[in-house]
Amino acid sequence: ELYGFEEESLPFFASGATRNVSRGGLLATLDAPVPEGSICKVFLHDAADQVRPRHVAGRVVRCEDRGAEFMVAVEFERPLSRLQLEGTGVRAASD
């Protein structure tokens, strides 16, 4: 799930499936278009903890229309730590 504001006045919300998550960002297929360049918050759901999703700040860097869905790339404001990646199925690179 992703939500935010375009130009601080037009709210948006989209949900879908994450395709790839890394320390620096994610790629997801969503049910609605998301304006490129928009600041957003991403909900990262932990498979073991469905009650408390993690919120991560980012910026939409790409949104492609794929017919029935939209492929969206988000760059995180700060790289995720190892702890934030737990439960997402992604391993952080060694420091």
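Residues numbered from 1 in each chain as written. Predicted model: local features only at pLDDT ≥ 70, side-chain atom pairs only at ≥ 80, totals over all residues. Heavy atoms only, no water.

Q: Talk me through the overall build of the protein; I want residue IDs and the actual numbers.
A: Check the secondary structure of the protein and you find one helix and seven strands. Along the protein, from the amino end to the carboxyl end, the secondary structure elements read β-β-β-β-β-β-β-α. Looking at the protein alone, contacts between residues at least 24 apart form 48% of all its contacts between residues at least 6 apart. In the form shown here, the protein has an accessible surface area of approximately 6,100 Å², with 49% of it arising from carbon and sulfur atoms. (Helix = DSSP H or I, 4+ residues; strand = E, 2+ residues; numbered from the N terminus. Contact = heavy atoms within 4.5 Å. Areas by Shrake-Rupley, 256 points an atom, 1.4 Å probe, with all protein chains shown as cover.)

Q: Tell me about the environment of Val42, residues and numbers included.
A: Within the fold, Val42 resides in strand 5 (residues 39-46). Residue contacts for Val42: discarding those within four places in its chain leaves Glu1, Leu2, Leu26, Arg54, His55, Val56 and Val74.

Q: For the nonpolar core, give the residues involved together with the corresponding values.
A: Ranked by size, the top nonpolar core spans 20 residues in total, and within it Leu2, Leu26, Val34, Cys40, Val42, Val72 and Val74 carry the most contacts. Elements with a minimum of two residues in this core: strand 2 (10-14), strand 4 (25-30), strand 5, strand 6 (49-65) and strand 7 (70-76). With four residues, strand 7 is the largest single contributor of residues to this core. Discounting residues that sit within four places of it in the chain, Leu2 has contacts with Phe12, Phe13, Ala14, Val34, Cys40, Lys41, Val42 and Val74. (Core = buried A, V, L, I, M, F, W, Y, C linked by side-chain atoms within 4.5 Å. Buried < 20%, exposed > 50% of the residue type's maximum accessible area, 1.4 Å probe, protein only.)

Q: Pulling in residues and values, what's your account of the pattern of salt bridges?
A: Within this structure, the stated rule accounts for three salt bridges. Between Glu64 and Arg62 there is a salt bridge; the shortest N-O distance is 3.1 Å. Notably, a salt bridge pairs Arg78 with Glu77, separated by 3.9 Å at the nearest N-O pair. The pair formed by Arg78 and Glu77 is uniform in burial state, with each residue classed as exposed. Salt bridges here are not isolated pairs; linked through shared partners, they connect Arg62, Glu64 and Arg66. (Salt bridge = Lys/Arg side-chain N within 4 Å of Asp/Glu carboxyl O.)

Q: Account for the confidence of the model for the protein, with residues named and values stated.
A: Any region with low pLDDT has predicted coordinates that should not be read closely. Looking at the protein, pLDDT values average 79 and 71% of them are 70 or higher. The secondary-structure element of the protein with the lowest mean pLDDT is helix 1 (residues 82-85), recorded at 59, while strand 7 shows the highest, at 96. Low confidence marks residues 90-95, where pLDDT is under 50. Its contacts with residues over four positions away, or in another chain, come to 12 contacts. (pLDDT = per-residue confidence, 0-100.)

Q: Tell me about the environment of Leu27, and name the residues and values.
A: Tracing the backbone through its elements, the reader meets Leu27 in strand 4. You can call Leu27 partly exposed: its relative accessible area is 23%. A sequence separation of 45 residues divides Leu27 from Val72, and the C-alpha atoms of the two residues are 5.7 Å apart. With near-sequence residues (within four places) excluded, Leu27 lies in contact with Thr18, Arg19, Asn20, Arg62, Met71, Val72 and Ala73.

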